[in-house]
Amino acid sequence: MSNTIDLNHPPDGHNYNVIVEPSETDGERKVRLLKDVILFMAAIVAVGAMLVFCFVTMMDETTSPDEKKWAMSMLSGAIGGLLGYLIGK
């Protein structure tokens, strides 16, 4: 069997894809990873701050019932999103 494939006439039932991508240098990889880590940490801090604020709102006796309702909605949404992420759905 020949290892040569004629791309002008692929075998029946076969398709081919060609992807041309520039190679990533070590410096570009480090910058991309650093950017991803910084963005992930910023998101964790923002979500954590929102969760703490909602939890404090829920536990404070001086907040109105309407404020407690939106805090509970935010907490429910965050917990649902976290569970959905962990389960993968």
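To start, this report covers the structure provided alongside it. Just so we're clear, the structure is a prediction, and the values are computed from it rather than from any experiment.

## Notes on the pattern of salt bridges
- Enumeration according to the criterion identifies two salt bridges in this entry.
- Between Glu24 and Arg32 there is a salt bridge whose closest N-O contact spans 2.8 Å.
- The exposure class assigned to Arg32 is partly exposed, which follows from its relative accessible area of 34%.
- As a salt-bridge pair, Lys30 and Asp26 come within 3.6 Å of each other at their nearest N and O atoms. Of this pair, Lys30 and Asp26 both sit in helix 1 (residues 26–59), four residues apart, which is roughly one turn of that helix.
- Residue classification places Lys30 among the exposed residues on the basis of a relative accessible area of 52%.

## Things to note about the layout of surface pockets
- Approximately 380 Å³ is the volume found for the largest pocket.
- Together, Phe40, Ala43, Ile44, Val47, Gly48, Met50, Leu51, Leu75, Ala78, Ile79, Leu82 and Tyr85 line the largest pocket.
- Among the secondary structure elements, those contributing two or more residues to the lining of the largest pocket are helix 1 and helix 2 (65–87).
- By residue number, the principal contributor to the lining of the largest pocket is helix 1, which donates seven residues.
- Of the residues assigned to the lining of the largest pocket, the class counts are eleven nonpolar, one polar and no charged.

## Focus: the side chain of Thr63
- Position of Thr63 relative to the elements: it lies in the loop between helix 1 and helix 2.
- Taking relative accessible area as the criterion, Thr63 reaches 16% and is therefore assigned buried.
- Of note is the side chain of Thr63, whose polar atom sits 3.1 Å from the backbone oxygen of Thr57.
- Among the polar contacts listed, one links the side chain of Thr63 to the backbone oxygen of Asp60, at a separation of 3.0 Å.
- Discounting chain neighbours no more than four positions away, the residues touching Thr63 are Thr57 and Lys68.

Here is what the cut-offs are and how they apply
- Residues numbered from 1 in each chain as written.
- Predicted model: local features only at pLDDT ≥ 70, side-chain atom pairs only at ≥ 80, totals over all residues.
- Heavy atoms only, no water.
- Salt bridge = Lys/Arg side-chain N within 4 Å of Asp/Glu carboxyl O.
- Buried < 20%, exposed > 50% of the residue type's maximum accessible area, 1.4 Å probe, protein only.
- Helix = DSSP H or I, 4+ residues; strand = E, 2+ residues; numbered from the N terminus.
- 1 Å grid on protein atoms, 1.4 Å probe; cavity = no way out; pocket = protein on both sides within 12 Å on 5 of 7 lines; lining within 4 Å.
- Points joined across faces, edges and corners; volume = space filled by probe spheres on them.
- Nonpolar A, V, L, I, M, F, W, Y, C, P; charged D, E, K, R; others polar.
- Polar contact = N/O pair within 3.5 Å; in protein donor to acceptor, adjacent residues only side chain to side chain.
- Contact = heavy atoms within 4.5 Å.

Everything listed here is a matter of geometry and, on its own, says nothing about what the molecule does.
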